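# Architecture at a glance
One letter stands for each residue in the lines below.
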Amino acid sequence: MEIFFENNQIKDFEVKILASGHCEYFIPMSFIKLEGQLRVIYHTEGYKPLGLTQLNNPWEVLDLVEKFVLAVKGAQNHLILHTSYDWKLEYLYLKAAEQRSVNKNMEELKITFVPLKEEVKEGFSRRMVFFLKSMHFQHIRCSEYINMVIDKLESVDLSMESLINFLGELKREAYLCGWG
(Lines give C-alpha, C1' and ligand atoms only; values in the text may rest on other atoms or scores of the structure.)
Protein backbone atom coordinates (compact mmCIF):
# COMPACT_ATOMS: atom_id res chain seq x y z
CA MET A 1 0.00 0.00 0.00
CA GLU A 2 1.31 3.46 -0.81
CA ILE A 3 0.07 6.99 -0.26
CA PHE A 4 1.39 10.38 -1.35
CA PHE A 5 1.60 13.25 1.14
CA GLU A 6 2.86 16.81 0.94
CA ASN A 7 6.53 17.02 1.92
CA ASN A 8 5.82 18.92 5.13
CA GLN A 9 2.86 16.78 6.22
CA ILE A 10 5.17 14.36 8.04
CA LYS A 11 7.89 16.03 10.08
CA ASP A 12 11.49 15.17 9.18
CA PHE A 13 12.23 13.66 12.59
CA GLU A 14 9.07 11.51 12.32
CA VAL A 15 10.24 10.24 8.91
CA LYS A 16 13.62 9.31 10.43
CA ILE A 17 12.05 7.52 13.39
CA LEU A 18 9.45 5.70 11.30
CA ALA A 19 11.91 4.75 8.52
CA SER A 20 14.41 3.38 11.06
CA GLY A 21 11.90 0.81 12.33
CA HIS A 22 12.81 1.60 15.95
CA CYS A 23 9.22 2.53 16.74
CA GLU A 24 7.75 -0.96 16.46
CA TYR A 25 4.18 0.17 17.14
CA PHE A 26 3.60 1.20 13.52
CA ILE A 27 3.38 -0.76 10.28
CA PRO A 28 6.90 -0.63 8.73
CA MET A 29 7.26 2.25 6.27
CA SER A 30 9.58 3.46 3.52
CA PHE A 31 9.77 7.03 2.27
CA ILE A 32 10.71 8.56 -1.09
CA LYS A 33 10.71 12.32 -1.75
CA LEU A 34 9.42 13.19 -5.22
CA GLU A 35 8.82 16.68 -6.61
CA GLY A 36 7.35 18.30 -3.50
CA GLN A 37 5.62 15.15 -2.37
CA LEU A 38 6.48 12.33 -0.03
CA ARG A 39 5.69 8.83 -1.25
CA VAL A 40 5.02 6.55 1.71
CA ILE A 41 5.08 2.81 1.21
CA TYR A 42 3.48 0.73 3.96
CA HIS A 43 4.90 -2.77 4.26
CA THR A 44 1.81 -4.69 5.32
CA GLU A 45 3.09 -8.12 4.27
CA GLY A 46 2.42 -10.56 7.07
CA TYR A 47 -0.30 -8.33 8.56
CA LYS A 48 -4.04 -8.24 8.06
CA PRO A 49 -6.45 -5.40 8.86
CA LEU A 50 -8.18 -5.85 12.19
CA GLY A 51 -11.85 -6.68 11.97
CA LEU A 52 -14.11 -6.19 14.98
CA THR A 53 -15.92 -9.40 14.07
CA GLN A 54 -12.74 -11.22 15.15
CA LEU A 55 -13.34 -10.08 18.71
CA ASN A 56 -15.71 -12.52 20.33
CA ASN A 57 -16.02 -11.32 23.90
CA PRO A 58 -15.51 -8.30 26.18
CA TRP A 59 -12.08 -9.47 27.37
CA GLU A 60 -10.73 -9.51 23.79
CA VAL A 61 -12.22 -6.07 23.08
CA LEU A 62 -10.71 -4.58 26.24
CA ASP A 63 -7.40 -6.27 25.46
CA LEU A 64 -7.38 -4.68 22.01
CA VAL A 65 -8.11 -1.23 23.44
CA GLU A 66 -5.39 -1.73 26.05
CA LYS A 67 -2.89 -2.73 23.34
CA PHE A 68 -3.85 0.30 21.30
CA VAL A 69 -3.30 2.64 24.27
CA LEU A 70 0.03 0.95 25.03
CA ALA A 71 1.06 1.41 21.39
CA VAL A 72 0.10 5.11 21.44
CA LYS A 73 2.03 5.53 24.70
CA GLY A 74 5.02 3.65 23.29
CA ALA A 75 4.99 5.82 20.17
CA GLN A 76 5.08 8.94 22.36
CA ASN A 77 8.20 7.53 24.01
CA HIS A 78 9.68 7.68 20.48
CA LEU A 79 8.50 11.31 20.09
CA ILE A 80 5.58 10.41 17.80
CA LEU A 81 2.79 12.33 19.51
CA HIS A 82 -0.78 11.03 19.50
CA THR A 83 -1.90 14.37 18.10
CA SER A 84 0.07 13.96 14.86
CA TYR A 85 -1.55 10.87 13.31
CA ASP A 86 -5.05 9.64 12.56
CA TRP A 87 -6.83 7.07 14.73
CA LYS A 88 -9.20 4.85 12.79
CA LEU A 89 -10.07 1.20 13.18
CA GLU A 90 -9.06 0.52 9.59
CA TYR A 91 -5.53 1.64 10.49
CA LEU A 92 -5.07 -1.22 12.97
CA TYR A 93 -3.36 -4.42 11.84
CA LEU A 94 -2.60 -7.79 13.40
CA LYS A 95 -0.05 -10.37 12.38
CA ALA A 96 -1.71 -12.59 9.77
CA ALA A 97 -1.26 -15.78 11.81
CA GLU A 98 -3.16 -14.21 14.71
CA GLN A 99 -6.37 -13.25 12.92
CA ARG A 100 -8.63 -15.56 14.93
CA SER A 101 -7.76 -14.06 18.30
CA VAL A 102 -5.82 -11.07 19.51
CA ASN A 103 -2.40 -12.21 20.69
CA LYS A 104 -1.09 -10.90 24.00
CA ASN A 105 2.25 -9.73 22.57
CA MET A 106 2.46 -6.04 21.70
CA GLU A 107 4.27 -6.86 18.44
CA GLU A 108 1.05 -8.37 17.14
CA LEU A 109 -0.82 -5.03 16.97
CA LYS A 110 0.42 -2.36 14.56
CA ILE A 111 -0.92 1.09 13.73
CA THR A 112 -0.73 2.58 10.24
CA PHE A 113 0.85 6.02 10.63
CA VAL A 114 -1.32 8.38 8.59
CA PRO A 115 -0.46 11.99 9.40
CA LEU A 116 -3.17 14.50 10.08
CA LYS A 117 -3.24 17.64 7.96
CA GLU A 118 -2.99 19.65 11.17
CA GLU A 119 -2.31 18.57 14.73
CA VAL A 120 -5.30 17.63 16.84
CA LYS A 121 -6.12 20.08 19.62
CA GLU A 122 -8.15 17.60 21.73
CA GLY A 123 -6.54 15.82 24.62
CA PHE A 124 -5.95 12.10 24.84
CA SER A 125 -9.21 11.25 26.67
CA ARG A 126 -11.36 13.12 24.17
CA ARG A 127 -9.62 11.43 21.22
CA MET A 128 -10.14 8.02 22.85
CA VAL A 129 -13.85 8.72 23.24
CA PHE A 130 -14.16 9.45 19.50
CA PHE A 131 -12.11 6.37 18.67
CA LEU A 132 -14.14 4.08 20.95
CA LYS A 133 -17.45 5.45 19.67
CA SER A 134 -16.44 4.30 16.19
CA MET A 135 -16.49 0.68 17.41
CA HIS A 136 -19.70 -1.24 16.84
CA PHE A 137 -20.10 -4.81 18.05
CA GLN A 138 -22.65 -7.52 17.47
CA HIS A 139 -22.14 -8.88 20.99
CA ILE A 140 -24.08 -6.69 23.46
CA ARG A 141 -21.59 -7.33 26.30
CA CYS A 142 -18.73 -5.97 24.18
CA SER A 143 -20.70 -2.77 23.61
CA GLU A 144 -21.51 -2.51 27.31
CA TYR A 145 -17.84 -2.69 28.30
CA ILE A 146 -16.80 -0.14 25.66
CA ASN A 147 -19.56 2.15 26.94
CA MET A 148 -18.15 1.79 30.48
CA VAL A 149 -14.78 2.99 29.19
CA ILE A 150 -16.40 5.86 27.27
CA ASP A 151 -18.40 6.91 30.36
CA LYS A 152 -15.23 6.91 32.47
CA LEU A 153 -13.32 8.98 29.88
CA GLU A 154 -16.18 11.48 29.60
CA SER A 155 -16.46 11.92 33.36
CA VAL A 156 -12.71 12.03 34.16
CA ASP A 157 -9.84 13.25 31.97
CA LEU A 158 -7.68 10.12 32.26
CA SER A 159 -4.02 9.92 31.40
CA MET A 160 -2.80 7.01 29.29
CA GLU A 161 -1.49 5.26 32.40
CA SER A 162 -4.78 5.71 34.26
CA LEU A 163 -6.74 4.37 31.30
CA ILE A 164 -4.44 1.34 31.09
CA ASN A 165 -5.09 0.67 34.79
CA PHE A 166 -8.85 1.05 34.32
CA LEU A 167 -8.82 -1.29 31.33
CA GLY A 168 -6.87 -3.81 33.42
CA GLU A 169 -9.57 -3.69 36.09
CA LEU A 170 -12.31 -4.22 33.52
CA LYS A 171 -10.35 -7.09 31.93
CA ARG A 172 -10.11 -8.80 35.32
CA GLU A 173 -13.85 -8.37 35.79
CA ALA A 174 -14.56 -9.77 32.31
CA TYR A 175 -12.24 -12.69 32.99
CA LEU A 176 -14.01 -13.46 36.27
CA CYS A 177 -17.31 -13.39 34.38
CA GLY A 178 -16.03 -16.21 32.18
CA TRP A 179 -14.60 -14.35 29.18
CA GLY A 180 -10.95 -14.42 28.20
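What follows concerns unusual backbone geometry. Located in the positive-phi region is E35, a residue other than glycine, with phi close to 40°. Within the element layout of this structure, E35 appears in the loop between β2 (29-34) and β3 (37-42). In this structure E35 comes out as exposed when scored by relative accessible area, which is 84%. Phi is positive for L79, which is not a glycine, with a value near 70°.

Another aspect to go through is the nonpolar core. Core analysis: the largest hydrophobic core is formed by 61 residues, its most contacted members being M128, L132, M135 and L163. With 10 residues, helix α2 (residues 58-77) is the single largest residue contributor to this core. Setting aside anything within four residues of it in sequence, one finds M135 in contact with L52, L64, V65, L89 and I146.

Turning our eyes to something else, we now look at helix α1 (residues 12-20). Those residues of α1 that fall on the buried side of the exposure criterion are E14, V15, I17 and L18. Packed against the buried residues of α1 are β2 and β3. Just downstream of α1, G21 is the residue with a positive phi angle, here 80°.

A few words now on the pattern of salt bridges. What the rule picks out here adds up to nine salt bridges. Of the charged contacts, one joins R39 and E2 as a salt bridge, the two residues approaching to 2.9 Å between their closest N and O atoms. Placement of the pair is R39 in strand β3 and E2 in strand β1 (residues 2-6), with a sequence separation of 37 residues. For D86, the salt bridge goes to K88, with nearest N and O atoms at 3.7 Å.

Attention shifts here to the sheet that holds β2. The three strands lie next to each other as β1-β3-β2, forming an open sheet whose pairing is antiparallel. Each of the sheet's edge strands pairs with one partner strand only, and the pair in question is β1 and β2. Within the sheet, the average angular offset between the axes of one strand and its neighbour, ignoring direction, is 25°. With five bridges joining them, β1 and β3 adopt antiparallel strand pairing. By the bridge assignment for β3, F4 is matched with R39.

Scanning the entire structure with this criterion turns up eight aromatic pairs. Consider the rings of F26 and F113, whose centres lie 5.5 Å apart with planes at 85°: the pair is edge-to-face. In this pair, F26 sits in the loop between α1 and β2 while F113 sits in the loop between β6 (109-111) and α3 (124-133), placing the two residues 87 residues apart along the sequence. Side by side, F26 and F113 carry an identical accessibility label, which is buried. An angle of 85° between the planes, with centres 6.3 Å apart, marks the rings of Y145 and W179 as edge-to-face. Taken as a pair, Y145 in helix α4 (residues 140-155) and W179 in the segment after α5 (160-176) lie far apart in primary sequence, 34 residues in all. Here the aromatic residues F68, W87, F124 and F131 are joined through ring pairs into a cluster of three or more.

Calculation rules
- Residues numbered from 1 in each chain as written.
- Predicted model: local features only at pLDDT ≥ 70, side-chain atom pairs only at ≥ 80, totals over all residues.
- Heavy atoms only, no water.
- Helix = DSSP H or I, 4+ residues; strand = E, 2+ residues; numbered from the N terminus.
- Buried < 20%, exposed > 50% of the residue type's maximum accessible area, 1.4 Å probe, protein only.
- Core = buried A, V, L, I, M, F, W, Y, C linked by side-chain atoms within 4.5 Å.
- Contact = heavy atoms within 4.5 Å.
- Salt bridge = Lys/Arg side-chain N within 4 Å of Asp/Glu carboxyl O.
- Pairing = 2+ DSSP bridges.
- Axes fitted to C-alpha atoms, helices over the stretch in contact; angles between N-to-C directions.
- Phe/Tyr/Trp six-rings, centres within 6.5 Å; stacked < 30°, edge-to-face > 60°.

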